[in-house]
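Survey of secondary and tertiary structure
Each chain, written out:
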Protein chains: 2
Amino acid sequence: MEYSHKLIIDNVSRFIDLTELEKQKYISLLTTVRVKKKEFLMQAGEITKYEYFIIKGCLKVYTLDEDGTPHISMFAVEDYWTGDLASFITKEPSRYFIKATEDSELLSISRVNYDLLFQEIPKFERFYRILYQRSLISYIRRSNHGISLTAEERYIEFKKKYPKIINRISQKDLAGYIGITPEFMSKIISKVNRM
Amino acid sequence: MEYSHKLIIDNVSRFIDLTELEKQKYISLLTTVRVKKKEFLMQAGEITKYEYFIIKGCLKVYTLDEDGTPHISMFAVEDYWTGDLASFITKEPSRYFIKATEDSELLSISRVNYDLLFQEIPKFERFYRILYQRSLISYIRRSNHGISLTAEERYIEFKKKYPKIINRISQKDLAGYIGITPEFMSKIISKVNRM
DNA sequence: TAAAAGTCTTAAACTAGTTCATTTTTTTTC
DNA sequence: GAAAAAAAATGAACTAGTTTAAGACTTTTA
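Now for a description of the structure that goes with this document. (Residues numbered from 1 in each chain as written. Chains lettered and ligands numbered in written order. Predicted model: local features only at pLDDT ≥ 70, side-chain atom pairs only at ≥ 80, totals over all residues. Heavy atoms only, no water.)

Some thoughts on the packing of aromatic side chains
Rules: The criterion for an aromatic pair is that two Phe, Tyr or Trp rings (for Trp, the six-membered ring) have centres within 6.5 Å, with stacked assigned to planes under 30 degrees apart, edge-to-face to planes over 60 apart and tilted to the rest. Note on conventions: DSSP H or I runs of at least 4 residues are helices, E runs of at least 2 residues are strands, and numbering of each starts at the N terminus. Partly exposed residues are those whose accessible area sits between 20% and 50% of the maximum for their type, while under 20% is buried and over 50% is exposed, using a 1.4 Å probe and protein chains only. For a Lys NZ or an Arg CZ to count as sitting over a ring, it must be within 6 Å of the ring centre and within 35 degrees of the ring normal.
A complete count under the given rule lists 38 aromatic pairs over all chains for this structure. Ring geometry for Tyr114(A) and Phe118(A): centres 4.9 Å apart, planes at 80°, overall edge-to-face. Remark: Phe118(A) and Tyr114(A) occur in helix 4 (residues 111-120); sequence separation between them is four residues, near one turn of the helix. Neither residue differs from the other here; Tyr114(A) and Phe118(A) are each classed as buried. By way of ring pairs, the aromatic residues Phe15(A), Tyr26(A), Phe53(A), Trp81(A), Phe88(A), Tyr114(A), Phe118(A), Phe124(A), Phe127(A), Tyr128(A) and Tyr132(A) are connected into one cluster. The lysine or arginine in question, Lys60(A), covers the ring of Tyr62(A), its NZ or CZ lying 5.7 Å from the ring centre. Residue placement shows Arg111(B) over the ring face of Phe88(B); its charged tip is 5.8 Å from the ring centre.

As for the protein's contact with DNA strand C
Spelled out, the test is: Any residue with at least one heavy atom within 4 Å of a molecule or strand is counted as near it. Throughout this description, a polar contact denotes any pair of N or O atoms lying within 3.5 Å of each other; where both atoms belong to protein, one of them has to be capable of donating a hydrogen while the other can accept it, and for residues adjacent in sequence the pair is counted only when both atoms sit in side chains.
The immediate surroundings of DNA strand C are formed by 13 residues, with Gln171(A), Lys172(A), Ser186(A), Lys37(B) and Ala151(B) found nearest. Counting only atoms of DNA strand C within 4 Å of the protein, the sugar-phosphate share comes to 72%. Note that a phosphate oxygen of DNA strand C is positioned 2.8 Å from one of the side-chain N or O atoms of Ser186(A). Between Thr181(B) and DNA strand C, the recorded distance is 3.2 Å, taken from a backbone N or O atom to a phosphate oxygen. Mapped by element, the contributors of at least two residues to the surface near DNA strand C are helix 8 (171-178) and helix 9 (182-194) of chain A together with helix 9 (182-194) of chain B.

Digging into the nonpolar core
Put simply, the test is: We define the nonpolar core as a collection of buried residues of types Ala, Val, Leu, Ile, Met, Phe, Trp, Tyr and Cys that are connected through side-chain atoms lying within 4.5 Å of one another. Contacts: residue pairs with any heavy atoms within 4.5 Å of one another.
In terms of nonpolar packing, the biggest core is built from 91 residues, with Phe124(A), Tyr128(A), Phe124(B) and Tyr128(B) touching the most fellow members. Excluding anything up to four places from it in sequence, Tyr128(A) contacts Trp81(A), Ile109(A), Tyr114(A), Leu117(A), Phe118(A) and Arg129(B).

Details of the relation of the copies chain B and chain A
What connects the two chain copies is a rotation about an axis and a shift along it. As a reminder of what qualifies: We superpose the copies by least squares over the C-alpha atoms of residues that have a pLDDT of at least 70 in both of them.
With an axial shift of 0.0 Å and an RMSD of 0.0 Å, the rotation relating chain B to chain A amounts to 180°. Taken together, the rotation and translation relating the two chain copies correspond to the operation of a two-fold axis. The residues that chain B uses at the interface reappear at the interface of chain A in 100% of cases, marking a shared surface.

A look at the protein's contact with DNA strand D
Contacts to DNA strand D come from 15 residues, most closely from Lys37(A), Glu183(A), Gln171(B), Lys172(B) and Ser186(B). Sugar plus phosphate: this is where 71% of the atoms of DNA strand D within 4 Å of the protein reside. Between DNA strand D and Lys172(B) there is a distance of 2.9 Å, counted from a phosphate oxygen to a backbone nitrogen or oxygen. Here a phosphate oxygen of DNA strand D and a side-chain polar atom of Ser186(B) are 3.0 Å apart. For the surface near DNA strand D, the secondary structure elements donating two or more residues are helix 9 of chain A together with helix 8 (171-178) and helix 9 of chain B.

Quick look at unusual backbone geometry
Not every positive phi belongs to a glycine, and Lys91(A) is a case in point at roughly 60°. Among the secondary structure elements, Lys91(A) is positioned in the loop between helix 3 (85-90) and strand 7 (97-100). Even without being a glycine, Lys38(B) presents a positive backbone phi close to 75°. Judged by its relative accessible area of 63%, Lys38(B) falls in the exposed class.

Examining the interface of chain B and chain A
To be explicit about the condition: Accessible area that two parts lose when put together, with a 1.4 Å probe and added across both, is what the buried area reports. We count a salt bridge whenever a side-chain nitrogen from Lys or Arg sits within 4 Å of a carboxyl oxygen from Asp or Glu. Ten residue types, Ala, Val, Leu, Ile, Met, Phe, Trp, Tyr, Cys and Pro, are classed as nonpolar, four, Asp, Glu, Lys and Arg, as charged, and the remainder, Gly among them, as polar.
Taken together, the 32 residues of chain B in the interface contact 32 residues of chain A. Roughly 3,100 Å² is buried in total at the junction of chain B and chain A, and carbon and sulfur atoms are behind 63% of that figure. Summed over the shared surface of chain B and chain A, the number is four salt bridges. With its nearest N and O atoms 2.8 Å apart, the salt bridge here joins Arg129(B) to Glu125(A). At the junction of chain B with chain A, the criterion picks out ten residue pairs in polar contact (both at pLDDT 80 or more). Sorting the residues of the side of chain B that touches chain A by element identifies strand 5 (70-77), helix 3 (85-90), helix 4 (111-120), helix 5 (123-148) and helix 8 of chain B as the ones contributing at least two each. If you tally residues by element for the side of chain B that touches chain A, the top one is helix 5 of chain B, at 18 residues. Along the lines of polarity and charge, the residues of the side of chain B that touches chain A split into 16 nonpolar, nine polar and seven charged.

Regarding the packing of helix 4 of chain B against helix 5 of chain B
Packed helices, taken two at a time, are described by the angle their axes make and the gap between the axes. All names here are of chain B. This is how the line gets drawn: Angles here are taken between N-to-C directions and fall from 0 to 180 degrees, while the axes themselves are lines fitted to C-alpha atoms, restricted in helices to the stretch in contact. In this scheme, roughly parallel covers angles under 35 degrees and roughly antiparallel covers those over 145, while 65 to 115 is roughly perpendicular and the rest are oblique.
As a packed pair, helix 4 and helix 5 sit with axes 8 Å apart at the nearest point and diverge in direction by 120°. Of the possible angle classes, the one that applies to helix 4 and helix 5 is oblique. For the pair formed by helix 4 and helix 5, the contact residues are Tyr114, Leu117 and Phe118 on the first element and Phe124, Glu125, Tyr128 and Tyr132 on the second. A per-class count over the contact of helix 4 with helix 5 returns six nonpolar, no polar and one charged.

Regarding the side chain of Ser104(A)
All names here are of chain A. Note on placement: Ser104 falls in strand 8 (residues 104-110). Residue classification places Ser104 among the buried positions, given a relative accessible area of 5%. From its side chain, Ser104 meets the backbone oxygen of Glu102 in a polar contact 2.8 Å long. With residues near it in sequence (within four places) discarded, Ser104 still touches Val33, Arg34, Val35, Lys56, Gly57, Cys58 and Leu59.

A look at the packing of helix 1 (residues 3-13) of chain B against helix 2 (residues 20-28) of chain B
Residues and elements named next belong to chain B. What counts, and what does not: Here a crossing is taken to be left-handed if its near helix is turned anticlockwise relative to the far helix by less than a right angle, and right-handed if that turn runs clockwise.
For the pair helix 1 and helix 2, interaxial distance at closest approach is 11 Å and the crossing angle is 115°. Our pair here, helix 1 against helix 2, has a crossing hand that is right-handed. Taking contact as the criterion, the partners of His5, Ile8, Ile9 and Val12 in helix 1 are, on helix 2, Lys23, Tyr26 and Ile27. In terms of residue class, the contact of helix 1 with helix 2 is built from five nonpolar, one polar and one charged.

So this is what it looks like as structure tokens:
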């Protein structure tokens, strides 16, 4: 089996057991996508037709507000799922951009194949039930932290939770994720490092 | 069928079709709970054994930070699901309190019955897949808004999105949800009403 | 490999939101 | 239905985070 297919099967197999036939069927519903650093995987205004699994690389998912200030909602690296779930499901235009911050390789599943997947291998209802349950738990936590912690506390949390990601992204993008200006991010980092 | 059971079956039937037998089976896994205004449904430190569906009433789900300041993560009213999903799933102690802000009636499902439900009626994998998917979409949006909007914008959004809930909760609790002090909430409301 | 473009740092003036203290209004309780 | 308790309003002094601007450092591109 190809390396990329092995990776996604390992990811899925954390929650459900698949037969060899089911694995083959699943893989047949996926497509390989490559994006170079600084290229877009998708842009605001489009209706998202795919969900993505990252084999290799790093991408940022973000919106632009009226002032043109970017607000980063996630960094996606190896073994992560990404996309714009809202647009993918509701078929409304997305407000998100997804841009590669490193040359990246992904596997995509189209909306048509996603629907087909549940018909053909109902076990995937369970896989996505658990995947969404876990994402939900972490977003519930994050939406509270965004409101209740100071920027410095959010930075310290991020550093503790994603020590590998922090070394792969710019300070400016980190500021866009934490929800502050790059200038204030710079101050926080030099303060925290001094402590 | 009892009124409360009819309500929860209607809720579930939005996403999956159940036979009469399956409906009976499902209902047999639920328990009715009543809490009076100001009483707790659960408190921080406990391991959450239940998820709840609200038949009637209103409850607030919140944490207390080190200073004792409450941060409200949701208001649950009729036809909502609530609980602490993280503690329910991981069996770790909860950091949340759930307190009734009105006399309330709920249906609860225990963790044991929740697991049993998937074995006995696998269709429920689909129900929860869709339920969590929708919650995830709204939490992703909320965690971005928490970081990118001003308090005034968050208040206006809340008012537009939950016009019925806003009349049932105190200004103080709303402040705890928006993530600001009651004093500043008061200022925002009088400013927005003046506009 | 030089120039251009982007990132990071620092600092001063500013604004959104907090804190603390007091008064008024509303709700709860006996 | 009076007294007590809680919620809401207001204002002054404060702090976390923004804005603007300018210079130093790093990465990208021709």
